[in-house]
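For reference, the chains in residue letters:
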Amino acid sequence: MFDTLKSRIYQGKQYIKDIENAPMREQFRGFPQLCANADTTCLEGVCPTGALNLNPLSIDMGKCTFCGACGRCSEAVKFTAGYKLASTCHEKLVVTPETTYEEYVKSAIETKGEIVKMFGHSLKLRQVSAAGCNGCEMELNACSNVNFDMGRFGIDFVASPRHADGIVITGPISENMAYALEDCYKSVPDPKIVILCGACAISGGVFQESTKLNREFLEKYPIDLYIPGCPVHPLTFINGVLGFIKGKNN
Amino acid sequence: MANWIKIKNNIKVDLGKIPIISKNNLREEVKNIGKRPIGFFGKDWGFGCVRLFIILADDSNSEFYLSSVVFSENDKSYESLTQDIPAFHIFEREFYEQFGIEPLNHPWLKPVRINQDKYPFFEMTGEEVHQVAVGPIHAGVIEPGHFRFMCNGESVYHLEIMLGYQHRGIEEMMIKNPSNQLAESINGDSVIAYNTAYSQTMEALKGIEISNKAQLIRKAALEMERIAIHIGDMGAIAGDIAYLMGASVFGATRTLVINTMLEICGSRFGRGLVTVGGVNYDIPDDVLNRALETLSKVAKDVDRMTNTMLKNSTVMSRLEKTGTVSTEKAAEIGLVGMAARASGVELDSRFDYPDKWMSELGFERKPFKGVGDVNSRFKLRYKEIKESISIVKKIFAKLKDYKDELIITEGVNNKLSSDSFVISVVEGWRGEIVHIAMTDINRKISKYKIKDPSFNNWYGLGLAVRNNGISDFPLCNKSFNLSYSGNDL
């Protein structure tokens, strides 16, 4: 008993107080800043997912695995530590040399008044791993740990889709998971939201060419929020969801 | 011995040197060698033929026995090996599923990765027996899989595990378009281990010897992956018995380790670090010194929390004698890695197939006296965390000797050698991760085979929960923490 109390006191407070302005280590590969004037010849065939387009220069963060291969061989791409990457609009995920991080963060998330009213103080999510590699899953679990403590904002993962306000999809959606995913979505009561989490969910990521996927779900149902990353960093996820339900641009 | 050749880890052999034995002799041959299976897979051999490759691991001599059998177009069966050596059961099921060649008298020839909805589950009848079906979507934020329990009241008679929901066709993709990024995404909790195994096969086929510095950085990263996941798992075990103090403290301690990984390579799980030819990131002195300080703190915090936790009688009553797999059972069904060690079967490919650093840096195997229950798996993690921290510290000290070496060796763009075969085994935190690559005459990959330790170990979980309360299932499951994506590929 006393040992437990001592451990508790020794641990102190672990949570990140200001989650919206939490510092990030400079080595983190987040928002890619592009430079139009740099030499791009060495970038031919470097990108494993086709996120990088050379003519004109752009990166689709929905496809990008943030592996850093392009940044290591050319000045044209520099991965900054910017971690607020979520967007409500698929097209906005495409970054060009004109896009700065500050502008991106301001305009990436556009939310509706009814979302803020309905979910602003409480959002319960059912996560579905549809062939996710366990990278995004581990990071989503980390969102609820003592460091990030997402529950304090009213955002939680719940066990039953019946208790949920929406679903979070990770993974490229394998054929074998397509039925279960749709079933889960249908079990969530209206109104509901869909969040795509990670490069695999948004675009198929490194698995785009796989013949074992079935991504029809994404054509059938509306998607509300795209959160890029490979895997998604907890700060990216929490700030993305907060921006969406609070209706403010971080 | 002409029926088998002996090969070594990470060293290629000519395809032409691999013997072919008759399928009628296969059973006797495998029984005579008497080693455990580590690879058993087919490959299309043209004109409707299928060639079956069999690799047996001789762990005490750091070698593999390799041979093959050719099945002609109309040859659709052979006598099952599982009858003599149960560890083959899952390998034979996979081979049957992929090539339709039936192992006769296999005890339970059910699907591995496909047709989940068509499979009739094993059923027990009786007034008191009832079924509980769970999944594929589980209560927590984890990967999908279906579990079917046969229960008598609260206690479990039998658990059937049906996987395959994660199947992404990775082995095909590795033939068409192999890359480090794809290798990392096979199993996102063993990024370093998978990427190292892939890189080692490619380096063997390209004839590249990577620098000492790159070898050491890879090795340190592999141990850091082990430390981080083991701490996270100890937290998850604590969480599953509602000991929230442990869950939160171990959770916070794990964060320290993965954030150190982030400082080294820009990703909390080590993505982007390992590449064919070496590593992408050097460790600067300031990062290295900070990492050493962090690891010392981590060691202290883990010590403190583990000791507090294990002194608590309510904790011990949940961990002890829960989910037991005996030493005999573990050896018989062919458990590997951590799950095997916790049951008292000493298998650790770091020591069984050692690289030069194991002796140079003086790492010694310290056997663990496990009895195969959740408590053993918990304590084994604690032991391995401490060992891995000391390994990382030694490696970091040694790194200073190789300051001026390159991190990526030249020759990355070399062509693969033609008609070759290579096996690479890496001890990830779960156990042995096996990658096997074959090339054709055009110097292209013609077959890529991956075996995750979970492939062997899922059946162990099924045995562990027998005669336990069904409410202890999450605890048993977490104590194994097996991979769905690594199994389903």
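Residues numbered from 1 in each chain as written. Chains lettered and ligands numbered in written order. Predicted model: local features only at pLDDT ≥ 70, side-chain atom pairs only at ≥ 80, totals over all residues. Heavy atoms only, no water.

Chemist: Which residues make up the overall build of chain B, and what values do they have?
Modeler: Counting its secondary structure elements, chain B contains 17 helices and 15 strands. Its C-alpha atoms give chain B a radius of gyration of 22 Å, near enough to 23 Å, the size a compact globule of 489 residues would have. If you line up chain B on its principal axes, its C-alpha atoms span 70 × 65 × 35 Å. Put simply, chain B has 489 residues, and 64% of those count as buried. The long-range fraction of contacts in chain B, counting pairs at least 24 apart against all pairs at least 6 apart in sequence, stands at 68%. Counting every atom, chain B has about 17600 Å² of accessible surface; 50% of that belongs to carbon and sulfur. The average position of the 60 basic charges and that of the 62 acidic charges among the side chains of chain B differ by 3 Å. (Helix = DSSP H or I, 4+ residues; strand = E, 2+ residues; numbered from the N terminus. Rg over C-alpha atoms; globule rule 2.2 N^0.38 Å. Buried < 20%, exposed > 50% of the residue type's maximum accessible area, 1.4 Å probe, protein only. Contact = heavy atoms within 4.5 Å. Areas by Shrake-Rupley, 256 points an atom, 1.4 Å probe, with all protein chains shown as cover. Lys, Arg positive; Asp, Glu negative; His and termini not counted. Charge placed at Lys NZ, Arg CZ, Asp CG, Glu CD.)

Chemist: Pulling in residues and values, what's your account of the pairing of strand 8 (residues 166-170) of chain A?
Modeler: Residues and elements named next belong to chain A. Most of strand 8 sits out of view: five of its five residues are buried. The two faces of strand 8 match: Gly-166, Val-168 and Thr-170 on one face and Ile-167 and Ile-169 on the other face are all buried. Here strand 8 pairs with strand 9 (residues 193-197) via five bridges, running parallel. Paired with Ile-167 across the bridge in strand 9 is Val-194. Read from strand 8 through helix 6 (residues 175-187) to strand 9, the crossover connection turns out right-handed. (Pairing = 2+ DSSP bridges. Right-handed = clockwise from strand over helix to strand, strands pointing away.)

Chemist: Describe in detail the nonpolar core, supporting the description with residues and values.
Modeler: If you look at the biggest cluster of nonpolar residues, it comprises 90 residues, and the most contacted ones within it are Met-202, Leu-273 and Phe-396 of chain B. In terms of residue count, the dominant contributor to this core is helix 6 (residues 212-240) of chain B (14 residues). Ignoring anything within four residues of it in the chain, the contact list for Met-202 of chain B reads Val-276, Leu-416, Ala-437, Ile-445 and Tyr-448 of chain B. In terms of nonpolar packing, the next biggest core, distinct from the first, is built from 80 residues, Ala-76, Met-150, Ile-173 and Ile-223 of chain A among them. (Core = buried A, V, L, I, M, F, W, Y, C linked by side-chain atoms within 4.5 Å.)

Chemist: Explain the interface of chain B and chain A residue by residue, including any values.
Modeler: At the junction of the two partners, chain B supplies 58 residues and chain A supplies 56 residues. Both faces combined, the contact of chain B with chain A buries some 4600 Å², and carbon together with sulfur accounts for 57% of it. Counting the surface chain B buries against chain A, the share from its top three residues, Ile-137, Val-141 and Arg-168 of chain B, is 15%. Here chain B and chain A share four salt bridges between them. A salt bridge links Lys-311 of chain B to Asp-3 of chain A; its shortest N-O distance comes to 2.7 Å. At the surface where chain B touches chain A, the tally comes to 23 residue pairs in polar contact (both at pLDDT 80 or more). Of all elements in the fold, only helix 3 (170-176), helix 4 (180-184), helix 7 (244-265) and helix 8 (285-310) of chain B reach the threshold of two or more residues within the side of chain B that touches chain A. No other element matches helix 7 of chain B, which puts eleven residues into the side of chain B that touches chain A. (Buried area = accessible area lost by both parts, 1.4 Å probe. Salt bridge = Lys/Arg side-chain N within 4 Å of Asp/Glu carboxyl O. Polar contact = N/O pair within 3.5 Å; in protein donor to acceptor, adjacent residues only side chain to side chain.)

Chemist: Give a detailed account of the sheet that holds strand 3 (residues 36-44) of chain B, specifying residues and quantitative values.
Modeler: All names here are of chain B. Taken in spatial order, the four strands line up as 1-5-4-3 in an open sheet, and their pairing is antiparallel. Two strands close off the open sheet at either side, each with one partner strand: strand 1 (5-7) and strand 3. Strand-to-strand twist of the sheet, defined as the mean angle between neighbouring strand axes without regard to direction, takes the value 30°. As paired strands, strand 4 (residues 50-58) and strand 5 (residues 63-71) are joined by nine bridges and run antiparallel to one another. (Axes fitted to C-alpha atoms, helices over the stretch in contact; angles between N-to-C directions.)

Chemist: Any chance you could break down the side chain of Asn-195 of chain B for me, citing the residues and the numbers?
Modeler: Residues and elements named next belong to chain B. Within the secondary structure, Asn-195 sits in helix 5 (residues 191-206). Among the residues examined, Asn-195 registers a relative accessible area of 1% and is labelled buried. A distance of 2.7 Å separates a polar atom in the side chain of Asn-195 from a polar atom in the side chain of Asn-180. If near-sequence neighbours (up to four positions away) are discounted, Asn-195 is found in contact with Asn-180, Ala-183, Glu-184 and Val-274.

Chemist: Account for helix 3 (residues 101-108) of chain A, naming residues and giving values.
Modeler: Residue and element names in this part refer to chain A. Along helix 3, the positions that sit buried rather than exposed are Tyr-101, Tyr-104, Val-105 and Ala-108. All buried residues of helix 3 fall inside an arc of 95° around its axis, so they share one side. Every exposed residue of helix 3 that faces more than 90 degrees away from the buried side is listed here: Glu-102 and Lys-106. For helix 3, the secondary structure elements touched by its buried residues are strand 1 (32-34). (Arc of directions from axis to C-beta.)

Chemist: Go over the pattern of salt bridges, please, and point to the residues and values.
Modeler: All names here are of chain B. In this structure the tally under the stated criterion is 43 salt bridges over all chains. Taking the shortest distance from any N to any O, the salt bridge between Asp-84 and Lys-31 comes out at 3.9 Å. With Asp-84 in the loop between strand 6 (77-79) and helix 2 (89-99) and Lys-31 in helix 1 (residues 26-33), this pair connects stretches of sequence that are 53 residues apart. By relative accessible area, Asp-84 is classed as partly exposed at 30%. Overlapping salt bridges, with partners in common, bring together Glu-223, Arg-226, Arg-341, Asp-348, Arg-350, Glu-384 and Glu-427 in one network.

Chemist: Explain the domain arrangement of chain B residue by residue, including any values.
Modeler: All names here are of chain B. Per the domain assignment, the segments making up chain B are domain 1 (5-104) and domain 2 (179-414). Listed by partner, the interface residues are twelve residues for domain 1 and ten residues for domain 2. Both faces combined, the contact of domain 1 with domain 2 buries some 970 Å², and carbon together with sulfur accounts for 55% of it. Among the residues domain 1 hides against domain 2, the three largest losses belong to Asn-10, Lys-12 and Asp-59. Together they make up 43% of the total. In this structure, the connection of domain 1 to domain 2 is made through zero salt bridges. At the boundary of domain 1 and domain 2, one finds four residue pairs in polar contact (both at pLDDT 80 or more). Here the side of domain 1 that touches domain 2 is composed, by residue class, of four nonpolar, three polar and five charged. (Domains from an automatic or database assignment. Nonpolar A, V, L, I, M, F, W, Y, C, P; charged D, E, K, R; others polar.)

Chemist: Give a description of unusual backbone geometry that names residues and reports values.
Modeler: Residues and elements named next belong to chain A. Residue Pro-56 is bonded to the preceding Asn-55 through a cis peptide linkage, with omega at -5°. The amide bond that connects Cys-230 to the next residue, Pro-231, takes the cis arrangement and shows omega of -10°. Topologically, Pro-231 is positioned in the loop between strand 10 (225-227) and helix 9 (234-246). The backbone phi angle of Ala-131 is positive, close to 75°, even though this residue is not glycine. Ala-131 gets classed as buried once you look at its relative accessible area, which sits at 1%.

Chemist: Go over the packing of helix 7 of chain B against helix 8 of chain B with me, naming the residues and quoting the values.
Modeler: Residues and elements named next belong to chain B. It is the contact of helix 7 with helix 8, at a shortest axis distance of 10 Å, that shows an interaxial angle of 165°. Considered as vectors, helix 7 and helix 8 are oriented roughly antiparallel to each other. Read as a crossing pair, helix 7 and helix 8 show a hand that is left-handed. Across the interface between the two elements, Met-245, Gly-246, Val-249, Phe-250, Thr-253, Leu-256, Val-257, Thr-260, Glu-263 and Ile-264 of helix 7 pack against Val-287, Arg-290, Ala-291, Thr-294, Lys-297, Val-298, Asp-301, Val-302, Met-305, Thr-306 and Met-309 of helix 8. Within the contact of helix 7 with helix 8, the residues separate by chemical class into twelve nonpolar, five polar and four charged. (Parallel < 35°, antiparallel > 145°, perpendicular 65-115°, else oblique. Left-handed = near helix turned anticlockwise from the far one by under 90°.)

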